[in-house]
Amino acid sequence: MRNIGAILTKEFKSDFRNPYVLGGAGLFLLSSLFVCYITVKRIPIAAIWVALFWIVVLFASFNAVAKSFLSETRGRMLYLYTLVNPTEFIASKMIYHGLVMLILGIVAAIVYQVLFSVVIGDNLMFWSSVVLGCTGIAFVLSLLSTIASKAGNNLTLLAVLGLPILLPLMLVATTLMKNAIDGIELSVQLKYLFVLIGLNVVSFALSIVLFPYLWRE
Amino acid sequence: MKLPIGFKIAAIVLVIYTLIAGLLMPVPTLAILNETIRNLYYHVTSWFAMITMFIMAFSYSIAYLNTQKDKYDTLAKIFVQVGMVFGIIGLVTGMLWARFTWGSFWVSDPKLNGAAIALLAYLAYAVLRNSFQDQLQRAKVSAVYNIFAFVMMILFVFILPRMTDSLHPGNGGNPAFSGYDLDSTMRMVFYPAVIGWILLGFWISEIRFRIEKLSNEES
C-alpha cells in the first residue's frame, strides 16, 4: 500500500512539474467541445448530444493515458522494477489514470452542459455515467497502452487495440447517460449501472492479473 | 496436436449429412421465414464453431502464459484465425438471411453490432502480432491481449443483447428456433451440424498447425 502511495505521489509530482502534458489533454478536450458548440449550436436530440460528448472524451483520453506509459523511459522502468512489484505498479497507474480521467470528464461535462444548456432528468444517474465511464476508459487503456508501448510506442496501435474493447463500455455509458437526460425510471437504469460497474471491476481485475506477464522482459 | 482418424471421419460424415439433410429435410412452413429457416443449420452453427475456436485460443493463451511453450502460442494464433473464418461465414450467412426476412443486409441491432465488434477485436489481435519483431515478446504480449479481448468480448456478445430490444431471433421476446420446431425435425439436423462444423474447425486447425510446424523446422 505504501508503494502505491509513493508511485501516485511521484506521478502527481512529475505531472505538476510538466503541466503541459495534462494541460494539453485538457485543452484538447475543451477546444473540441467548443468546436462542437460553434458548429452545432443547438442539439435538440439527447442521443446526439451524448454521442458527441463521449467521442470527444474518448479521443482526449487516448492522449491523456497513452502519454503516461509511452513517456516512461527504459531506464526509469528498470529502476521501478527493482523497487516495486508489478501488481502495485499497475494498480497505482490505474488509480492515477482513473483520477486524471475523472477530473477531465467532470470538467468536460460541466462545460458541455453550460454551453448547450441541457435539462437533465436524473442527475444522479447522469453523473454516475460520467464517473464510471471515465474510470472504465482509464482502466482499459492503462493495460492496452502498456501493450502498445511494448510494440514500439505507437499511438495508432493503441487506437486499433482500444476502440473495439472500449465499445461495450461506451455503449452502456451512452445509454445510461441518454436515459438519465430523458429522466427514465431508476428501475430501468439500474441494470445499465450494474453492467457499467461490472465492466469497471472486470477490467481492473484483469489488468492486475495480466500485467505481471508484461512487466518482465 | 494429432487428431485420431475417427475424429476426421466423423467430421466428414456430419458435414455431408448437414449439407444434404439441411437442404432436403422437411422444415416447418412459416410466413416470411419460408425456406430461409434452413439458414439455422449454417448461420447459427458457424457462430457455435467460432465461439469454440475462440475458447480454445483463449485457453492456449492462458497455457502459454503459464508454461512459455512456443507450441501454445502457435496454437492460439491458429485457433483465432480459424475462428475468424467461421465468424465471417456467420456474418455473411446472417446478412443474406436478413436481406430476405428483414429487408436489408444490415440493421443497427445490438447482436449484429456485437458480432462485428468482436471480429474487429480479433483483427486487432492480428495487427498486434504483426507489429513485433521479437518472437518471445510477440507471444507474450499477444497472449495477454487475447485474454483481455476474449473476456471483454464475451461480456459484450452475451450480456448486452439480452439487455436491450433486439430484432434477432431468440432476443427481445422473439422466438428462437425451438419455438417453431414443434416436432423436433430441425433438431435432428441442427445438433449434428453444430458438432460437424466444430470438428471441421479442429481439423483445419490441426492441418494449419502441422504446416506451421514444418515450415518452422525448415527455416
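Everything below is about the structure shown above.
Anyway, here's the lowdown on the structure attached to this text. The structure presented is a predicted model; accordingly, all values stated were derived computationally and were not measured.

What counts as what
- Residues numbered from 1 in each chain as written.
- Chains lettered and ligands numbered in written order.
- Predicted model: local features only at pLDDT ≥ 70, side-chain atom pairs only at ≥ 80, totals over all residues.
- Heavy atoms only, no water.
- Contact = heavy atoms within 4.5 Å.
- Buried area = accessible area lost by both parts, 1.4 Å probe.
- Salt bridge = Lys/Arg side-chain N within 4 Å of Asp/Glu carboxyl O.
- Polar contact = N/O pair within 3.5 Å; in protein donor to acceptor, adjacent residues only side chain to side chain.
- Helix = DSSP H or I, 4+ residues; strand = E, 2+ residues; numbered from the N terminus.
- Nonpolar A, V, L, I, M, F, W, Y, C, P; charged D, E, K, R; others polar.
- Buried < 20%, exposed > 50% of the residue type's maximum accessible area, 1.4 Å probe, protein only.
- Core = buried A, V, L, I, M, F, W, Y, C linked by side-chain atoms within 4.5 Å.

A separate point is the interface of chain A and chain B. Between chain A and chain B, the residue contacts involve 28 residues of the former and 26 residues of the latter. Summing both sides of the interface, chain A and chain B together bury roughly 2500 Å²; the carbon and sulfur share of this comes to 84%. Along the contact surface separating chain A from chain B lie 0 salt bridges. Counting the contacts that link chain A with chain B gives 2 residue pairs in polar contact (both at pLDDT 80 or more). Element by element, the count of residues in the side of chain A that touches chain B is highest for helix α8 (residues 186-215) of chain A, at 11 residues. For the side of chain A that touches chain B, the class distribution of residues is 22 nonpolar, 2 polar and 4 charged.

Before going further, it helps to examine the side chain of T74 of chain B. Residue and element names in this part refer to chain B. Its place among the elements puts T74 in helix α3 (residues 70-101). Residue class for T74 comes out buried when judged on its relative accessible area of 14%. Non-local contacts of T74, meaning those with residues more than four positions away in its chain, are made with F209 and E212.

For the rest of this paragraph, the subject is the nonpolar core. The biggest cluster of nonpolar side chains holds 137 residues, and the ones touching the most others in it are W54, F126, I137 and I147 of chain A together with Y145 of chain B. The biggest single contributor to this core is helix α6 (residues 123-150) of chain A, with 14 residues. F126 of chain A has contacts with W49, A109, Q113, I120, M177, A180 and I181 of chain A, leaving out every residue within four places of it along the chain.

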